[in-house]
Amino acid sequence: MGKSVPDPKSGTPRRKTGETESAAPWRGVLVLAFGAFAIGTDEFVLAGVLPELGDSLSVGITTAGQVVTVFALTCAVMAPALATLTAAWPRHKVLKLSVLIYLLGVVGTGLAPSFPVVLAAQVVAAVGAGLYIPAASVTASALMGPERRGRAIAAVTTGLTAATALGAPIGTVVGSVLDWRATMWFIALLAVLSLFGVFTLVPAVVAGAPGGLRRRLAPLGDRRVVAVLAATLVAFTAAYIVYTYMAEVFHPATGGDGRKLAILMFAFGLTGMVGNFYAGTLADRFGARVVVGGAVTLLAASLLVLPLATGSFAAAAVVIVVYGIAAWGITAPQQSRLISLDPESAPLLISLNAAFLYLAIALSGVIGAVGISTIGARNISLVGAAVAVLALGLSELGHRLAQNARARTAKATA
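Per an unreviewed UniProt entry, the protein chain goes by MFS transporter and derives from Streptomyces nogalater. Turning to the protein chain, the UniProt record has this under Subcellular location (unreviewed entry): "Cell membrane".

Moving on: unusual backbone geometry. Even without glycine at this site, Ser-58 takes up a positive phi of about 60 degrees. Secondary-structure assignment places Ser-58 in the loop between α2 (50-57) and α3 (61-64).

Take empty space enclosed by the protein next. A complete count under the given rule lists four cavities of 30 Å³ or more for this structure. Residue lining of the largest cavity: ten residues in total, with Thr-157, Leu-160, Thr-331, Gln-335 and Leu-357 positioned closest to the centre. Of all the elements in the fold, those that place two or more residues in the lining of the largest cavity are α7 (149-177), α16 (331-341) and α17 (346-375). For the lining of the largest cavity, the per-class residue count stands at six nonpolar, four polar and no charged.

A full pass over the atoms with the stated rule returns three salt bridges. Two residues, Arg-224 and Asp-222, come together in a salt bridge whose shortest N-O distance is 2.7 Å. A residue is classified by how much of its surface remains accessible, and Asp-222, at 24% relative accessible area, is partly exposed.

Looking now at α2. Within α2, the full set of buried residues consists of Leu-50, Leu-53, Gly-54 and Leu-57. Burial along α2 is one-sided: seen end-on, the buried residues are contained in an arc of 95 degrees. In the core, the buried residues of α2 are packed alongside α3, α6 (115-144), α8 (180-201) and α10 (223-244). Downstream of α2 by one or two residues, Ser-58 has phi in the positive range, about 60 degrees.

Leu-32, Tyr-132, Tyr-243, Phe-250 and Leu-299 are the most contacted members of the largest nonpolar core, which has 124 residues in total. Here Leu-299 is in contact with Ala-235, Ala-238, Ala-239, Tyr-323, Ala-326, Ala-327, Ile-330 and Ala-388, once residues within four sequence places are set aside.

Quick look at the confidence of the model for the protein chain now. Looking at the protein chain as a whole, the pLDDT averages 81, with 86% of positions reaching at least 70. When the criterion is pLDDT under 50, residues 1-21 qualifies, and its contacts beyond four places in sequence or with other chains add up to 45 contacts.

On to the packing of aromatic side chains. All told, the structure shown has six aromatic pairs when counted by the stated rule. The interplanar angle of 65 degrees and the centroid separation of 6.1 Å between the aromatic rings of Phe-236 and Trp-328 together place this pair among those described as edge-to-face. You can see Phe-236 sitting in helix α10 and its partner Trp-328 sitting in helix α15 (residues 313-328), a full 92 residues away along the chain. Across the pair, Trp-328 and Phe-236 agree in class, each one buried. Ring centres of Tyr-240 and Tyr-243 lie 5.4 Å apart, and the angle between their planes is 75 degrees; on these two criteria the pair is classed as edge-to-face.

One way to put it is that helix α14 (residues 288-305) packs onto α15 with a least axis distance of 8 Å and a crossing angle of 150 degrees. Classified by the angle between their axes, α14 and α15 sit roughly antiparallel to one another. The hand of the α14/α15 crossing is left-handed. Where α14 abuts α15, its residues Ala-295, Leu-298, Leu-299, Ser-302 and Leu-303 lie against Val-319, Val-322, Tyr-323, Ala-326 and Ala-327.

With that out of the way, let us pick up the side chain of Gln-122. With respect to the secondary-structure elements, Gln-122 resides in helix α6. Among the polar contacts listed, one links the side chain of Gln-122 to the side chain of Asp-42, at a separation of 3.5 Å. Of note is the side chain of Gln-122, whose polar atom sits 2.8 Å from the side chain of Thr-109. Leave out the neighbours within four places in its chain, and Gln-122 touches Asp-42, Leu-46, Val-67, Phe-71, Thr-109 and Met-184.

Parameters and conventions
- Residues numbered from 1 in each chain as written.
- Predicted model: local features only at pLDDT ≥ 70, side-chain atom pairs only at ≥ 80, totals over all residues.
- Heavy atoms only, no water.
- UniProt positions renumbered as here; feature names shortened; annotations may be inferred.
- Helix = DSSP H or I, 4+ residues; strand = E, 2+ residues; numbered from the N terminus.
- 1 Å grid on protein atoms, 1.4 Å probe; cavity = no way out; pocket = protein on both sides within 12 Å on 5 of 7 lines; lining within 4 Å.
- Points joined across faces, edges and corners; volume = space filled by probe spheres on them.
- Nonpolar A, V, L, I, M, F, W, Y, C, P; charged D, E, K, R; others polar.
- Salt bridge = Lys/Arg side-chain N within 4 Å of Asp/Glu carboxyl O.
- Buried < 20%, exposed > 50% of the residue type's maximum accessible area, 1.4 Å probe, protein only.
- Arc of directions from axis to C-beta.
- Contact = heavy atoms within 4.5 Å.
- Core = buried A, V, L, I, M, F, W, Y, C linked by side-chain atoms within 4.5 Å.
- pLDDT = per-residue confidence, 0-100.
- Phe/Tyr/Trp six-rings, centres within 6.5 Å; stacked < 30°, edge-to-face > 60°.
- Axes fitted to C-alpha atoms, helices over the stretch in contact; angles between N-to-C directions.
- Parallel < 35°, antiparallel > 145°, perpendicular 65-115°, else oblique.
- Left-handed = near helix turned anticlockwise from the far one by under 90°.
- Polar contact = N/O pair within 3.5 Å; in protein donor to acceptor, adjacent residues only side chain to side chain.

Shown next as structure tokens:
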């Protein structure tokens with residue numbers, strides 16, 4: 001198999017022998033996407049095994065739900081800092097280290113004797129995850145070159161989407177048939193396969209990255225970027241309030257059967273993948289702002305009617321399909337909006353968007369816990385619907401700020 005050598009100007013790998021120029025980079029990108037799938041499975045599957053985890057460690061469902069919060073919050077906080085600390089490192093070394101740290105955290109979770117140790121182990125796993133996703137996005141971008149940067153980054157993030165469609169349901173079934181610790185060993189296997197792929201199929205690349213934390217956070221000084229990131233934060237908070245506590249919300253429909261819950265999670269993830277793909281296509285045709293507005297509106301509507309569907313498995317499945325399409329239909333258009341604001345900073349903006357997504361998942365765990373304690377699991381989707389309306393307003397604010405900026409630029413150059 002031919003070796004890959006980075007182009008000294010662009011950092012895009014050139015093949016020496018044995019493979020076409022188009023096949024080799026995509027192979028590396030697919031490996032990076034599988035790594036995102038492995039990492040996303042840990043985060044998303046925890047929502048499906050909360051009852052088993054809580055019973056095993058003698059904690060309530062809302063307390064167990066804070067595992068999701070801790071993982072996501074650690075990723076959100078640590079990702080920019082870790083990316084800065086490792087900015088001068090070769091990307092392939094960062095990728096290997098991140099998967100190793102993640103694997104250590106997953107194994108520690110599987111062996112944990114108590115809930116506090118589970119939380120500590122998940123912090124370790126989240127450190128690896130927070131380091132991996134930005135590094136994988138930058139590496140994928142460098143592998144494919146500027147002309148295919150968007151598709152490369154989208155492929156990596158699709159790995160996270162696939163985690164909800166395949167990884168989380170499979171892990172949930174494993175947890176219900178065996179126990180939640182078996183689920184962690186399943187995730188550890190995915191991490192080992194990912195590590196093998198990174199070692200063998202991801203070539204070394206030269207990928208430029210802003211070196212300081214101030215430079216990494218510089219886009220937050222742009223009000224347009226802040227508005228789009230705020231819309232991501234609030235929209236995904238709305239979406240994950242229900243998903244984090246799906247086992248409790250749909251308990252009347254599933255009767256506590258983990259296999260039925262896995263079917264609902266599979267429906268959410270699979271339709272989410274479809275929604276993510278077609279949302280990107282529609283954004284190219286009609287504009288990202290229009291697609292985001294439609295997706296958030298559909299999300300709010302599905303969350304409003306969701307309490308009526310929690311008592312019937314068939315009704316729950318129908319609502320879950322709409323809910324999944326709407327929730328994941330926000331992702332690709334939001335990324336497209338960010339890239340359009342500053343194409344040269346695309347990897348940086350995508351990593352910030354990922355950080356805000358993780359922060360949203362963390363907030364959803366807290367808000368959902370409070371909601372369950374006050375209005376019950378059946379009705380927490382109503383809180384999500386209200387939050388989704390706020391996200392719609394922030395999305396429109398971002399559009400107006402972008403319009404005003406274009407108008408000022410046109411006036412200045414006239």
